Amino acid sequence: MICGFLVLDKPAGLSSHGCVSRVRRAYGLKRVGHGGTLDPAVTGVLPIALGPATRLLPYLSGDKTYRGVVQLGVRTDSDDLEGQVLEQQAIPPLNTAELEAALAPFRGAIEQRPPTVSAVHVNGERAYKLARAGQAVELQPRPVSIHGLELLSWNQELGQLELEVSCSAGTYIRSLARDLGETLGCGGSLARLRRTEALGFGLEQSVALEELESDPRPALVDPLVALSHLLQHRLEGDQMPGWRCGRLQSCDPAWPIDAPVLVVGPDGNLAGMARVQAGGQLQPRLVLDAAG
């Protein structure tokens, strides 16, 4: 049974869904899904789950890291340079200290308004579909966390600054570019973006799209490795029949209630996932090789 994660270095010009389709064909599987959509123009880490690992995606860390270039002096309808230009303004002379001062309010827990051209749902429809149909879209700010925001370089002549951003799931770097431009009084849009980390995976683990055509195909990351940050419970041989039938299992009573637990079979392979219940009990949530 194929079950694991492939870390793809997504190229520009291909959608996340298109990458999933390529992986389906390469591995001969229907059950394939990705963790964290990347816009077609964005490159970098795209974790893809194969087989039963698709049900493990919610248990991975949601934090992400990006390297991006912000173009000041340009405001677009999509908050990146792929969109229609709405306004162009002169870029004021700026030094590193002034840029650092402008970046400071964006660090930590903030409220962020998603781009109008985004996958956010508005009355059951995707915002980008409404926007492209010419409908006015009013998106409300949402809480996000920017754990790290580092100014890597500044080019006054081009009006471009390069940033490294570590953030929570749901953070839009396009919104950060837009809001930074507003703070500086000249407007801003995202010029380029590359994701370097996502769901606990990094670029060093990634494979190029072309490698899907190789023989053998790229090796998958074992779920036990990908989920090693979770609590782990190993079943004894006589506990396997009960586990396969979805019965409660005893665990350490000191474990926090509702904590996710990686359940390992007697053979050392993944048996499934569980949640801690009161009284030191594990409630099965995902059972591989379930009975019946």
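Residues numbered from 1 in each chain as written. Predicted model: local features only at pLDDT ≥ 70, side-chain atom pairs only at ≥ 80, totals over all residues. Heavy atoms only, no water.

## Considering the sheet that holds strand E18 (residues 270–277)
So, point 1. With mixed pairing, the five strands of this open sheet are ordered in space as E15-E17-E18-E19-E16. Each edge of the open sheet carries a strand with a single partner, namely strand E15 (231–234) and strand E16 (249–250).
So, point 2. Both strand E17 (residues 260–264) and E18 contribute to a ladder of five bridges, which runs antiparallel. Paired with Val263 across the bridge in E18 is Gly272. (Pairing = 2+ DSSP bridges. Helix = DSSP H or I, 4+ residues; strand = E, 2+ residues; numbered from the N terminus.)

## Some points on the packing of aromatic side chains
So, point 1. Applying the stated rule across the entire model yields one aromatic pair.
So, point 2. With 5.7 Å between their ring centres and 45° between their planes, Phe5 and Phe201 make a pair best called tilted. You can see Phe5 sitting in strand E1 (residues 4–10) and its partner Phe201 sitting in strand E13 (residues 201–202), a full 196 residues away along the chain. In this structure, Phe5 and Phe201 share a single accessibility class: buried. (Phe/Tyr/Trp six-rings, centres within 6.5 Å; stacked < 30°, edge-to-face > 60°. Buried < 20%, exposed > 50% of the residue type's maximum accessible area, 1.4 Å probe, protein only.)

## Comments concerning the side chain of Gln249
So, point 1. Structurally, Gln249 can be placed in strand E16.
So, point 2. For Gln249, a relative accessible area of 7% gives the class buried.
So, point 3. At a separation of 3.4 Å, a polar atom in the side chain of Gln249 contacts the main-chain carbonyl oxygen of Arg247.
So, point 4. Sequence-distant contacts of Gln249, that is, excluding residues within four places in its chain, are made with Leu235, Gln239, Gly242, Trp243, Gly280, Gln281 and Leu282. (Polar contact = N/O pair within 3.5 Å; in protein donor to acceptor, adjacent residues only side chain to side chain. Contact = heavy atoms within 4.5 Å.)

## Examining the pattern of salt bridges
So, point 1. Taken as a whole, this structure holds eight salt bridges when the rule is applied.
So, point 2. Between Arg194 and Asp9 there is a salt bridge, with the nearest N and O atoms lying 2.8 Å from each other. Here Arg194 is found in strand E12 (residues 188–198), whereas its partner Asp9 is found in strand E1, with 185 residues between them in sequence.
So, point 3. Residue class for Arg194 comes out partly exposed when judged on its relative accessible area of 28%.
So, point 4. Note that Arg244 and Asp289 form a salt bridge whose closest N and O atoms lie 3.6 Å from each other. Pair noted here: Arg244 is in helix H6 (residues 240–244) and Asp289 is in the segment after strand E19 (281–287), with a separation of 45 residues, a long-range link.
So, point 5. We classify Arg244 as partly exposed; its relative accessible area is 29%.
So, point 6. Each member of the salt-bridge network shares a partner with another, and the members are Asp79, Arg178 and Asp179. (Salt bridge = Lys/Arg side-chain N within 4 Å of Asp/Glu carboxyl O.)

## Comments concerning the pairing of E19
So, point 1. Bridging between E16 and E19 involves two bridges; their strand directions are antiparallel. Along E19, the bridge assignment pairs Ser250 with Gln281.
So, point 2. Note: E18 against E19, six bridges, orientation antiparallel. Looking across to E19, one finds that Met273 is bridged to Leu286.
So, point 3. Between the antiparallel neighbours E18 and E19 lie three residues, among them Gly279 with a positive phi of about 80°.

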